[in-house]
Amino acid sequence: MKKYSFIFISVLLMSVVSCKKEPTIPIVKTYGHWATSTEICCGGEVTDDGGGTITDRGVCWSNTPDPYVNNLNCYPCGQTNEGAGTGEFNSYITGLTPNTSYYYRAYAKNSAGIGYGNQGSFTTPN
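If you're wondering where the values come from, they're calculated on a predicted model, not measured in any experiment.

## Some details on the sheet that holds strand E2 (residues 39-48)
Here comes step 1: Read from one edge to the other, the open sheet built from three strands follows the order E1-E2-E5, with strand pairing classed as antiparallel. Edge strands, defined here as strands with exactly one partner in the open sheet, are strand E1 (27-35) and strand E5 (87-94). This sheet shows a mean twist of 20° between the axes of neighbouring strands, independent of strand direction.

This is how it looks when you write it as structure tokens:
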């Protein structure tokens, strides 16, 4: 009887240890902004790492809706990198054109992919 109990407990422990959950895309919030004619301060917060290590986080921006990281098909566009980890962060984007509309959103990256916050928009003053 002891032999079977030992086998049962061993199998149970092995199944619990081997049930490692795969990471999911991080959950991110985008925070408001203030803007001048050539720069903006905005930011975000990584509220859930999705079970994976956050390796990059920041804000991506464009003069077209739905900006995304590594968007090489637009001008002007770009992204900031505010380090790694969860929590709040701020980004400063400079070199903007006066009297121009821009879109931005916070992002965070882990091994499962890139999560984005809600999109914000603004027009730089003249």
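Further notes follow.
## A short note on the nonpolar core
Here comes step 1: In terms of nonpolar packing, the biggest core is built from 15 residues, with Ile40, Ile93, Leu96 and Tyr104 touching the most fellow members.
Here comes step 2: Taken together, the elements giving at least two residues each to this core come down to E2, strand E3 (56-62), E5 and strand E6 (101-110).
Here comes step 3: With four residues, E6 is the single largest residue contributor to this core.
Here comes step 4: With near-sequence residues (within four places) excluded, Leu96 lies in contact with Ser37, Thr38, Glu39, Ile40, Trp61, Tyr102, Phe122 and Thr124.

## Concerning the packing of aromatic side chains
Here comes step 1: Under the definition given, this model contains three aromatic pairs.
Here comes step 2: Judged by centre distance (5.5 Å) and plane angle (25°), the rings of Tyr102 and Phe122 are stacked. Placement of the pair is Tyr102 in strand E6 and Phe122 in strand E8 (residues 120-123), with a sequence separation of 20 residues.
Here comes step 3: Among the residues examined, Tyr102 registers a relative accessible area of 2% and is labelled buried.
Here comes step 4: With a relative accessible area of 9%, Phe122 lands in the buried category.
Here comes step 5: Measuring from centroid to centroid gives 6.0 Å for Tyr104 and Phe122, while their planes differ by 55°, and the two rings are tilted. Remark: Phe122 occurs in strand E8 and Tyr104 occurs in strand E6; sequence separation between them is 18 residues. Each member of the pair, Tyr104 as well as Phe122, is classed as buried.

## A closer look at the environment of Ser62
Here comes step 1: Following the sequence through the fold, Ser62 ends up in strand E3.
Here comes step 2: Once the C-alpha coordinates of Ser62 and Tyr104 are considered, the two residues, 42 residues apart in sequence, prove to be 6.5 Å apart.
Here comes step 3: Ignoring anything within four residues of it in the chain, the contact list for Ser62 reads Pro67, Cys74, Pro76, Cys77, Tyr102 and Tyr103.
Here comes step 4: There is a polar contact of 3.0 Å between the side chain of Ser62 and the side chain of Thr64.

## Overview of the side chain of Thr124
Here comes step 1: Its location among the elements puts Thr124 in the segment after E8.
Here comes step 2: One polar contact links the side chain of Thr124 to the main-chain carbonyl oxygen of Thr97, over a distance of 2.6 Å.
Here comes step 3: A distance of 3.0 Å separates a polar atom in the side chain of Thr124 from the backbone nitrogen of Asn99.
Here comes step 4: When neighbours within four sequence positions are excluded, Thr124 is seen to be in contact with Thr36, Ser37, Leu96, Thr97, Pro98, Asn99, Thr100 and Tyr102.

## Some details on the pairing of E1
Here comes step 1: In the sheet, E1 pairs with E2 via seven bridges, with the strands oriented antiparallel. When the bridges of E2 are listed, Ala35 appears paired with Ile40.
Here comes step 2: Following E1, the chain reverses through three residues before pairing antiparallel with E2.

Conventions we followed
Residues numbered from 1 in each chain as written. Predicted model: local features only at pLDDT ≥ 70, side-chain atom pairs only at ≥ 80, totals over all residues. Heavy atoms only, no water. Pairing = 2+ DSSP bridges. Helix = DSSP H or I, 4+ residues; strand = E, 2+ residues; numbered from the N terminus. Axes fitted to C-alpha atoms, helices over the stretch in contact; angles between N-to-C directions. Core = buried A, V, L, I, M, F, W, Y, C linked by side-chain atoms within 4.5 Å. Buried < 20%, exposed > 50% of the residue type's maximum accessible area, 1.4 Å probe, protein only. Contact = heavy atoms within 4.5 Å. Phe/Tyr/Trp six-rings, centres within 6.5 Å; stacked < 30°, edge-to-face > 60°. Polar contact = N/O pair within 3.5 Å; in protein donor to acceptor, adjacent residues only side chain to side chain.

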